[in-house]
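Descriptive structure summary
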Amino acid sequence: ISGWNSWLEDAYLLCTPEDPECLKHHYITRTEKDEPQYTVDEEISMMNEQITKSEGFDIDFSLFRCLFNYHLVDPDDYDFLEDETTETNGDFMKRLSQESLKRYNDECGTKFEFLDVVKANFHGSVGYMFLITFQVFDPSDDQEKIFQARIRYTTHYPTEFVFCRPKPNPEVDSGETSKEDVKG
């Protein structure tokens, strides 16, 4: 993978729990009273460690009282599409995952079948950078597998399918690019 869209963006602080505006955001799952209470610097460090370890796909948002640039997609909300639509965030993540998997299958000559979105994270990136984890069925071995896709979406430019791949084994150094990474 090459290009600016493959870089991991570090976490940056949007607001702290002491800021009354912070609790207005539906992304916050902890309050200033919840324990343990980490310092802002500790939370930034923990967030960046999770981003680096999982390439932004696996973040435990329940640990944080601060609001950062990375967020969990609420599948029942309507955050991303500007036109009048009945498509929820969950419907949108499903549609993006299916298209990403179709591109992967076309490129690799595979026949994986989309099953369901497991979770999706996002951060701003001249639009939104979605980090979607989803479940597929592999008819070649009759097994379910977990895939990941990085997709940049904006209403002003075509959607960019950065990559789609089987979820990397956590035992493998995440600094190496897998042969299975496919540019969209």
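Scroll up to find the structure this text is about.
Residues numbered from 1 in each chain as written. Predicted model: local features only at pLDDT ≥ 70, side-chain atom pairs only at ≥ 80, totals over all residues. Heavy atoms only, no water.

1. Observations regarding the overall build of the protein chain
Helix and strand counts for the protein chain stand at two helices and eight strands. In sequence order, the protein chain lays out its α and β elements as β-α-β-β-α-β-β-β-β-β. Across the 184 residues that make up the protein chain, the buried fraction comes to 40%. Put simply, 52% of the contacts in the protein chain that link residues at least 6 apart link residues at least 24 apart. In the form shown here, the protein chain has an accessible surface area of approximately 10,500 Å², with 48% of it arising from carbon and sulfur atoms. (Helix = DSSP H or I, 4+ residues; strand = E, 2+ residues; numbered from the N terminus. Buried < 20%, exposed > 50% of the residue type's maximum accessible area, 1.4 Å probe, protein only. Contact = heavy atoms within 4.5 Å. Areas by Shrake-Rupley, 256 points an atom, 1.4 Å probe, with all protein chains shown as cover.)

2. Considerations on helix H1 (residues 40-54)
The end-to-end C-alpha distance of H1, which contains 15 residues, comes to 21 Å, matching closely the 21 Å that a straight helix rising 1.5 Å per residue would cover. One or two steps after H1, the chain reaches glutamate 55, where phi turns positive at roughly 60°. (Expected span 1.5 Å × (residues − 1).)

3. Quick notes on the packing of aromatic side chains
Taken as a whole and assessed by the stated rule, the structure comprises 16 aromatic pairs. Here the aromatic rings of phenylalanine 80 and phenylalanine 122 are separated by 5.0 Å at their centres, their planes lie at 85°, and the arrangement is edge-to-face. One end of the pair, phenylalanine 80, is in the loop between strand E3 (71-72) and helix H2 (89-108); the other, phenylalanine 122, is in strand E4 (residues 113-124), with 42 residues separating them in the sequence. For phenylalanine 122, a relative accessible area of 5% translates into the label buried. (Phe/Tyr/Trp six-rings, centres within 6.5 Å; stacked < 30°, edge-to-face > 60°.)

4. Some details on the pattern of salt bridges
Within this structure, the stated rule accounts for 11 salt bridges. Salt-bridge contacts for aspartate 58 lead to lysine 119; the nearest nitrogen and oxygen are separated by 2.5 Å. With aspartate 58 in the loop between H1 and strand E2 (67-68) and lysine 119 in strand E4, this residue pair connects regions lying 61 residues apart in the sequence. Judged by its relative accessible area of 25%, aspartate 58 falls in the partly exposed class. Through salt bridges with shared partners, a single ionic network connects Glu55, Arg150 and Arg165. (Salt bridge = Lys/Arg side-chain N within 4 Å of Asp/Glu carboxyl O.)

5. Quick word on H2
The end-to-end C-alpha distance of H2 is 28 Å, a good match for the 28 Å that 20 residues give at a rise of 1.5 Å each. Turning to H2, its buried residues are Asn89, Phe92, Met93, Leu96, Ser97, Ser100, Leu101, Tyr104 and Asn105. Glycine 109, located one to two residues past H2, shows a positive phi value of around 70°.

6. Quick look at the nonpolar core
Grouped together as the largest cluster of nonpolar side chains are 22 residues, with contacts concentrated most on Met93, Phe130 and Phe134. Sorting elements by how many residues they give to this core places H2 first, with five residues. The next biggest cluster of nonpolar side chains, apart from the first, holds 15 residues, and it includes Met46, Ile51, Phe68 and Met129. (Core = buried A, V, L, I, M, F, W, Y, C linked by side-chain atoms within 4.5 Å.)

7. Describing the pairing of E4
Where E3 meets E4, two bridges bridge the pair, whose relative direction is antiparallel. Of the residues in E4, the one forming a bridge with leucine 72 is asparagine 121. Of the pairings in the sheet, the one linking E4 to strand E5 (residues 128-138) comprises 10 bridges and is antiparallel in character. Residue asparagine 121 lies in a different strand from E5, and its bridge partner there is leucine 131. (Pairing = 2+ DSSP bridges.)

8. Some words on the state of the cysteines
One pass over the structure, following the stated rule, counts zero disulfides. Between cysteine 164, a free cysteine, and cysteine 108, which holds the nearest cysteine sulfur, the sulfur-to-sulfur gap is 8.5 Å. (Disulfide = S-S within 2.5 Å.)

9. Re the pairing of E5
Most of E5 sits out of view: eight of its 11 residues are buried. Hairpin connection between E4 and E5: a loop of three residues separates the two successive antiparallel strands, and valine 126 in this loop has a positive phi of roughly 45°. Here E5 pairs with strand E6 (residues 143-153) via 11 bridges, running antiparallel. The residue bridging tyrosine 128 from the neighbouring strand is tyrosine 153, located in E6.

Interpretation in functional terms is not warranted from these geometric data alone.
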